[in-house]
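What follows is the residue order along each chain.
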Amino acid sequence: MFVVQLPHRVDRDGTIRALAAEGIQSKPYLPAIHLMGFYRERFGHREGEFPVCEDVAARSVALPFFPEMSDEQVARVGEALRGILGR
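On a predicted model such as this, the values are computed, not experimentally measured, just so you know.

A. Seen up close, the overall build of the chain. A count of helices and strands for the chain gives 4 helices and 3 strands. Ordered by position from the N terminus, the helices and strands of the chain form the series β-α-β-α-α-β-α. Taking the principal axes of its C-alpha atoms as reference, the chain extends roughly 45 × 30 × 20 Å. For the chain, the proportion of its 87 residues judged to be buried stands at 29%. Accessible surface, the chain as shown: approximately 6200 Å² in total, 57% of it carbon and sulfur. The distance from the centre of the 11 positive side-chain charges to the centre of the 12 negative ones in the chain is 5 Å.

And the structure:
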């Protein structure tokens, strides 16, 4: 995994859709574990208990990363993300 943190006030889902429109797969990453069903049910966790964790989780995106990835592919992903964030 290669995970980046989007700047505050950037729409993570919109960024993922924009990358997909350019043929680049990405996905949300690093969920706020305390908000997953098991932890909510077992320990009663709720939104707002761990605001830093929730903020990081809401801004995390996993970008393509694999051993055969060429320098050109890395540059393409970086340029696409830079362009999307610059809009």
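B. The side chain of Glu54, seen in detail. Within the secondary structure, Glu54 is located in helix H3 (residues 51–59). Buried charge without a salt bridge: Glu54, with Arg40 as the nearest opposite-charge side chain at an N-O distance of 7.4 Å. In this view, Glu54 contacts Ala32, His34, Leu35, Arg46, Glu47, Gly48 and Glu49; residues no more than four positions away in its chain are not counted.

Calculation criteria
Residues numbered from 1 in each chain as written. Predicted model: local features only at pLDDT ≥ 70, side-chain atom pairs only at ≥ 80, totals over all residues. Heavy atoms only, no water. Helix = DSSP H or I, 4+ residues; strand = E, 2+ residues; numbered from the N terminus. Buried < 20%, exposed > 50% of the residue type's maximum accessible area, 1.4 Å probe, protein only. Areas by Shrake-Rupley, 256 points an atom, 1.4 Å probe, with all protein chains shown as cover. Lys, Arg positive; Asp, Glu negative; His and termini not counted. Charge placed at Lys NZ, Arg CZ, Asp CG, Glu CD. Salt bridge = Lys/Arg side-chain N within 4 Å of Asp/Glu carboxyl O. Contact = heavy atoms within 4.5 Å.

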